[in-house]
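Architecture at a glance
Residue-level listing of the chains:
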Amino acid sequence: NNGVTAELNNPGIILIYISPERLQIKGFRDCINNMQSSSRVFAVAVDEAHCVSEWGHDFRTAYLNIGRTSRTIFKRSGLTPTIIALTGTASTAVLKDVKRELEITEYDAIITPETFDRKELRFKVVQSASGRKKEELVELCNRAIPDFFGKSAASFYRLRNDDSSCGIVFCPHVNGDYGVTKVRSYLSGIPEVTDIYSGLRPKGNHSNWQSERRRVTNEFKSNKVNTLVTTKAFGMGIDKPNVRFTVHYGVPSS
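Everything numeric here is computed off the predicted structure, so don't read it as measured data.

What counts and what doesn't
Residues numbered from 1 in each chain as written. Predicted model: local features only at pLDDT ≥ 70, side-chain atom pairs only at ≥ 80, totals over all residues. Heavy atoms only, no water. Helix = DSSP H or I, 4+ residues; strand = E, 2+ residues; numbered from the N terminus. Buried < 20%, exposed > 50% of the residue type's maximum accessible area, 1.4 Å probe, protein only. Contact = heavy atoms within 4.5 Å. Salt bridge = Lys/Arg side-chain N within 4 Å of Asp/Glu carboxyl O. Phe/Tyr/Trp six-rings, centres within 6.5 Å; stacked < 30°, edge-to-face > 60°. Lys NZ or Arg CZ within 6 Å of the ring centre and 35° of its normal. Core = buried A, V, L, I, M, F, W, Y, C linked by side-chain atoms within 4.5 Å.

**Quick notes on unusual backbone geometry**
Residue Glu103 is not a glycine yet carries a positive backbone phi of 60°. Along the chain, Glu103 falls in the loop between α5 (92-101) and α6 (133-148). One non-glycine residue, Asn161, adopts positive backbone phi at about 55°. By the element assignment, Asn161 lies in the loop between α7 (153-156) and β3 (166-170).

Spelled out as structure tokens, the structure:
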């Protein structure tokens, strides 16, 4: 974008958001060189840094070049910027991989909080035989979850605009007994409005699926739907303050 490129030469710019792929583009590197004739990049922050490991080795290899490239193109007067990698969801193995790929070598470079406990969250694992999963799910959504909030199911699931109590049921598959269409049918009794969302169109659904997904997303955000049955395709970027529960219909892969 020529307008954005021109703005990089504005000395008032203090923060630039870019994708890892942008660092690979020669035109952008040239802009950085021009910019650094009048100012300097002091720090490079890699947000959601677990993606370096989880995506970099697979389909977004530009993540693997962030450390080396940043130390090269942002170097000025012999000084290289500090690299800060931030994540809330990395395992020990992923953290080690992120350090290696970003070339962060200091022994004490990993800084973590004293605890990851989130006091506002409650977790429960329900063990169930395969033949009882449907009944256990219905029991959870129709009785146990409303009981936890001290309400009847009818009151808990009543649509009340921003005061609605919303929830998400994650399914491991799009189709079949563990798929979004079948699981939604199990929950047709109590939640006031349920709908489905998945990356791929479920079998037997003949709608324009891209348009349908947009509709479902908008209606969930605007509290016209209070219970969403979905695959993990809906799992990133949920910003909705009245989500009161999530249920995984099967052990999540991570």
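Structure's up, so let's keep going.
**Focus: α5**
What α5 keeps buried is the set Val94, Asp97, Val98, Lys99 and Glu101. Buried-residue contacts for α5 involve α3 (50-54) and β2 (82-85). Positive backbone phi, at 60°, marks Glu103, one or two positions downstream of α5.

**Description of the environment of Arg40**
Counting through the fold element by element, Arg40 comes out in the loop between α2 (26-35) and β1 (43-46). Residue class for Arg40 comes out partly exposed when judged on its relative accessible area of 25%. Each C-alpha atom of the pair Arg40 and Arg76 lies 7.0 Å from the other, and the pair is 36 residues apart in sequence. What Arg40 contacts, discounting residues up to four positions off in sequence, is Arg76, Leu79 and Thr80.

**Examining the pattern of salt bridges**
Across all of its chains, the model carries 12 salt bridges by this definition. Salt-bridge contacts for Arg71 lead to Glu103; the nearest nitrogen and oxygen are separated by 3.9 Å. Taken together, the residues span a long stretch of sequence, with Arg71 in helix α4 (residues 66-73) and Glu103 in the loop between α5 and α6 at a distance of 32 residues. A residue is classified by how much of its surface remains accessible, and Arg71, at 23% relative accessible area, is partly exposed. The residue Glu139 makes a salt bridge to Arg143 at a minimum N-O spacing of 2.5 Å.

**Section: the packing of aromatic side chains**
Counted under the stated rule, the structure contains 10 aromatic pairs. Relative to Tyr63, the ring of Trp55 has its centre 6.2 Å away and its plane inclined at 80°; by these criteria the two rings are edge-to-face. The interplanar angle of 80° and the centroid separation of 4.9 Å between the aromatic rings of Phe156 and Tyr157 together place this pair among those described as edge-to-face. Neither Phe156 nor Tyr157 differs from the other in exposure class; each is buried. Members of the aromatic cluster, joined through ring pairs, are Phe148, Phe149, Phe156, Tyr157 and Phe245. The positively charged end of Lys133 is found above the aromatic ring belonging to Tyr249, 4.9 Å away from the centroid. The ring of Phe220 carries the charged tip of Lys240 above its face, separated from the ring centre by 5.0 Å.

**Description of the nonpolar core**
Side chains of nonpolar character tend, in soluble globular proteins, to be buried together. Counting 21 residues, the largest nonpolar core has Leu23, Val46, Val52, Ile66, Phe74, Val98 and Leu102 as its most contacted members. Of all elements in the fold, only α2, β1, α3, α4 and α5 reach the threshold of two or more residues within this core. Every residue in contact with Phe74, bar those within four places of it in the chain, is listed here: Leu23, Ile32, Gln36, Val41, Val44, Thr69, Leu79 and Pro81.

Honestly, that's just the spatial picture; any functional story needs more than this.
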